[in-house]
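A look at the structure
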Amino acid sequence: MAFDPLPPIHLPPLEVAPNTYLLRCAMRALGAPITASVNSLLILGEEPVVVDTSIRSNRHAWLADLTGLVDPADVRWVFLSHDDEDHTGNLTQVLELCPNATLVTTWAATERMSGSFSAPPERLRWVHDGDSLDVGDRTLRAFRPPVYDSPTTRALFDETRGVLWASDAFATPMPSDPVERVTDLPVPMWAEGMAMFHHHVLCPWLSVVDRDVYRSQVERIRDMAPTTIVACHTPIIDGDAIGAALDNLEALPDVTPPPHPDQQALEAVLAGA
Ligand SMILES: [Fe+2]
Ligand SMILES: [Fe+2]
């Protein structure tokens, strides 16, 4: 017996830098009074870029948000940060809707998705860690972020606008009512939430990484000096919060995360139902 997924909370797009829009929704968690954002990005310019494609349950609203901001015929690139369902939920639909778009991904992601998705080879572009993508009026850089839950993951940095799309990195829960910026989160919730999400949901291997090597991966982002960090599962990070976010990220290997909901929490859900 299959159940439909809980409907997401739709949130209106936000312009996070000139002509750069965060497309947003949030999911309620089962067994915990939290929500998790599921964002994607639209970079407008000479050759518009869609970055990740949200989730299936958000399809109608996501496509409406997207087409309200750009003519699908003008979209030139669909950048897929990795092959997880919360990033590929509307991939087929966006490629059908945007006939002039090339899918930017990796060979590994293409292979991992091959049982359920394929694109004509002439509509594919594969990028390695550190590769650049020319989008007409500027260059975007694809790179592997310090943390990820798929080995295919590429973050994307728009140096011209200072905007970093970090894929799953910087993931944090939000309160029951979603917030726009990490500075809207209760202070302990942000650091504890990042620890909980990264250690339990995203990258449990953090506790065994070589600390110096890991730190060097975080330094890569510091060296890029982004002015705005956006990602799938975090409110917007900008201003003074960028330094704090990088400090939180760097500290993660040695942080003991709070527990995540267990069988008792599930039984409480069932008792409530
Ligand atoms: Fe992921
Ligand atoms: Fe994700």
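The following paragraphs examine the structure supplied in this document. Everything numeric in this text was worked out from a predicted model, so none of it was measured.

Glancing now at the coordination of the iron ion (ligand 1). At 2.0 to 2.7 Å from the iron ion (ligand 1) lie its protein donor atoms, namely His82 (NE2), Asp84 (OD), Asp149 (OD), Asp149 (OD) and Asp168 (OD). Donor residues for the iron ion (ligand 1) sit on one chain with the sequence pattern H-x1-D-x64-D-x18-D. Here the iron ion (ligand 1) and the iron ion (ligand 2) are spaced 3.4 Å apart, linked through Asp168, which binds each one. Placement of Asp84 in the loop between strand S6 (77-79) and helix H2 (85-88) and of Asp168 in the loop between strand S12 (163-165) and helix H5 (187-202) is noted, with a sequence separation of 84 residues between them. Classification of Asp84 by relative accessible area gives buried; the value is 18%. Overall, the relative accessible area of 2% leaves Asp168 in the buried class.

Side chains that carry opposite charge are capable of pairing whenever their charged atoms lie near each other. Evaluation of the coordinates by the stated rule reveals 13 salt bridges. Among the ionic pairs, Arg220 bridges to Asp129, the shortest N-O distance being 3.1 Å. Of this pair, Arg220 sits in helix H6 (residues 211-224) while Asp129 sits in the loop between strand S8 (124-126) and strand S9 (132-134), and the two are 91 residues apart along the sequence. Relative accessible area serves as the criterion here: at 25%, Arg220 is assigned to the partly exposed category. When the shortest N-O distance is used, the salt bridge between Glu180 and Arg181 registers 3.8 Å. For Glu180, a relative accessible area of 37% gives the class partly exposed. Residue classification places Arg181 among the partly exposed residues on the basis of a relative accessible area of 26%. A single network of salt bridges, built from pairs that share partners, joins Asp212, Arg215, Glu219, Arg222, Asp247 and Glu250.

This brings us to the packing of H6 against helix H7 (residues 241-251). As a packed pair, H6 and H7 sit with axes 10 Å apart at the nearest point and diverge in direction by 165°. The pairing of H6 with H7 is recorded here as roughly antiparallel in orientation. Of the two possible hands of crossing, H6 and H7 adopt the one that is right-handed. Contacts from Tyr214, Arg215, Val218, Glu219, Ile221 and Arg222 in H6 reach Gly243, Leu246, Asp247, Leu249 and Glu250 in H7. By residue class, the composition of the contact of H6 with H7 is five nonpolar, one polar and five charged.

This next bit is on the sheet that holds S9. Read across the open sheet, the six strands follow the order S9-S10-S11-S12-S13-S14; overall the sheet is mixed. Each having just a single partner strand, S9 and strand S14 (234-238) make up the two edges of the open sheet. Mean inter-strand twist for the sheet, computed between neighbouring axes without regard to direction, equals 20°. Where H6 meets the sheet, its contacts fall on strand S10 (139-143), strand S11 (155-158) and S12, and the angle it forms with S10 comes to roughly 170°.

In this section: the side chain of His198. In this structure, His198 sits in helix H5. Relative accessible area serves as the criterion here: at 0%, His198 is assigned to the buried category. Polar side-chain contacts of His198 include one of 3.4 Å to the backbone oxygen of Ala171. Aside from chain neighbours lying at most four places away, what touches His198 is Val147, Asp168, Ala169, Phe170, Ala171, Cys203, Pro204, Leu206, Leu249 and Leu252.

So, on to H6. Along its 14 residues, H6 runs 20 Å from first to last C-alpha, staying within 8% of the 20 Å computed at 1.5 Å per residue. Looking only at H6, the buried set comprises Tyr214, Val218, Ile221 and Met224. In the core, the buried residues of H6 are packed alongside S10, S11, S12 and H7. Measuring from the backbone nitrogen of Asp212 back to the side-chain oxygen at the start of H6 gives 3.0 Å, which picks out Asp210 as the cap. Positive phi appears at Ala225, one or two residues downstream of H6, with a value of about 55°.

Moving on to the packing of aromatic side chains. Scanning the model with the defined rule gives one aromatic pair in all. Where Tyr148 meets Trp205, the ring centres are 5.3 Å apart and the plane angle is 45°; that geometry is what we call tilted. Residue Tyr148 is located in the loop between S10 and S11, and its partner Trp205 is located in the loop between H5 and H6; the two are separated by 57 residues in the primary sequence. Trp205 gets classed as partly exposed once you look at its relative accessible area, which sits at 30%.

Cut-offs and rules
- Residues numbered from 1 in each chain as written.
- Chains lettered and ligands numbered in written order.
- Predicted model: local features only at pLDDT ≥ 70, side-chain atom pairs only at ≥ 80, totals over all residues.
- Heavy atoms only, no water.
- Donors = N, O, S within 2.8 Å, 3.2 Å for Na, K, Ca; no water.
- Helix = DSSP H or I, 4+ residues; strand = E, 2+ residues; numbered from the N terminus.
- Buried < 20%, exposed > 50% of the residue type's maximum accessible area, 1.4 Å probe, protein only.
- Salt bridge = Lys/Arg side-chain N within 4 Å of Asp/Glu carboxyl O.
- Axes fitted to C-alpha atoms, helices over the stretch in contact; angles between N-to-C directions.
- Parallel < 35°, antiparallel > 145°, perpendicular 65-115°, else oblique.
- Left-handed = near helix turned anticlockwise from the far one by under 90°.
- Contact = heavy atoms within 4.5 Å.
- Nonpolar A, V, L, I, M, F, W, Y, C, P; charged D, E, K, R; others polar.
- Pairing = 2+ DSSP bridges.
- Polar contact = N/O pair within 3.5 Å; in protein donor to acceptor, adjacent residues only side chain to side chain.
- Expected span 1.5 Å × (residues − 1).
- Phe/Tyr/Trp six-rings, centres within 6.5 Å; stacked < 30°, edge-to-face > 60°.

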